Amino acid sequence: MKKTCFFLILFSLAICFSANVNAQCAMCTKTAQQLGEKPAQGMNAGILYLMAVPYCIVGFIGYRWWKAHQNNAI
């Protein structure tokens, strides 16, 4: 229980104190500058979303693998 609370607090602090991230390559930045401020923010959010999905999938698979092999090691 203490471990779960620790990670929950750590995750909450990481969310609260995160910096703004620009996830655009040079070509996307030029295109976004031509579109304006609002479309550029939407484009950046879309790039971050597309970047986060594979990490979540790999993390989930890794967690399931670790959980399955943790019981066999004992």
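Colleague: Explain the overall build of the chain here, please?
Modeller: From N to C terminus, the chain includes three helices and zero strands. Ordered by position from the N terminus, the helices and strands of the chain form the series α-α-α. Of the roughly 6900 Å² that the chain leaves accessible, carbon and sulfur atoms contribute 71%.

Colleague: Explain helix α2 (residues 26–35) to me, please; I cannot follow it from the model alone.
Modeller: Residues separated by three or four positions in an α-helix point in the same direction, a consequence of the helix having 3.6 residues per turn. Within α2, only one of the 10 residues are buried, leaving the element largely exposed. A positive phi of about 120° marks Gly 36, the residue just after α2.

Colleague: Is there a simple way to explain the packing of aromatic side chains in this structure?
Modeller: Geometry of an aromatic ring pair is reported as the spacing of the ring centres plus the angle between the planes. For the structure on display, the rule yields two aromatic pairs. Note on Phe 6 and Phe 7: the rings are 5.6 Å apart at their centroids and 65° apart in plane angle, and the pair reads as edge-to-face. The interplanar angle of 40° and the centroid separation of 6.1 Å between the aromatic rings of Tyr 63 and Trp 66 together place this pair among those described as tilted. Of this pair, Tyr 63 and Trp 66 both sit in helix α3 (residues 37–73), three residues apart, which is roughly one turn of that helix.

Colleague: Explanation requested: the confidence of the model for the chain in the structure shown.
Modeller: As a general rule, the predicted coordinates of low-pLDDT regions are not to be interpreted in detail. Put simply, the chain has an average pLDDT of 81, and 86% of its residues get 70 or more. In the model of the chain, α2 stands out as the element of lowest mean pLDDT, 80, in contrast to α3, which has the highest, 86.

Colleague: Please clarify how a nonpolar patch on the surface should be interpreted in this entry.
Modeller: Judged by side-chain polarity, Tyr 49, Leu 50, Val 53, Ile 57, Phe 60 and Ile 61 come together as a nonpolar surface patch covering roughly 650 Å² of accessible area. Mapped onto the secondary structure, Tyr 49 falls in helix α3. Residue classification places Tyr 49 among the exposed residues on the basis of a relative accessible area of 57%.

Colleague: Honestly, helix α1 (residues 2–16) in this entry has me stumped. Any pointers?
Modeller: Look at α1: 21 Å from first C-alpha to last across 15 residues, which is about the 21 Å you get at 1.5 Å a residue. For α1, the buried fraction is low: zero of the 15 residues fall into the buried class.

Rules used in this analysis
- The residue numbering used here restarts from 1 in each chain and proceeds along that chain's sequence as written.
- Under the rules for a predicted model, residues below a pLDDT of 70 receive no local features and side-chain atom pairs below 80 are neither given nor counted, while totals for whole chains, interfaces and linings still include all residues.
- Hydrogens are left out, water is left out, and the side-chain values use all remaining heavy atoms of the structure.
- The helix and strand labels rest on DSSP assignments: H or I over at least four residues marks a helix, E over at least two residues marks a strand, and numbering proceeds from the N terminus.
- In this description, accessible areas are obtained by the Shrake-Rupley approach with a 1.4 Å probe, and a residue is regarded as covered only by the protein chains that are shown.
- Here's how the labels work: a residue is buried when its accessible area is under 20% of the maximum for its type, exposed when over 50%, partly exposed in between, all with a 1.4 Å probe on protein chains only.
- Think of it this way: a Phe, Tyr or Trp ring, Trp meaning its six-membered ring, pairs with another when their centres are within 6.5 Å, and the plane angle makes it stacked under 30 degrees, edge-to-face over 60, tilted otherwise.
- Here pLDDT means the predictor's own confidence in every residue, given as a number from 0 to 100.
- Patches here: salt-bridge-free residues with over 30% relative accessible area, like charges joined within 9 Å, nonpolar side chains (Val, Leu, Ile, Met, Phe, Trp, Tyr) joined within 5 Å.
- Here, a salt bridge means any Lys or Arg side-chain nitrogen found within 4 Å of an Asp or Glu carboxyl oxygen.
- By this rule the span expected of a helix is its residue count minus one, scaled by 1.5 Å.

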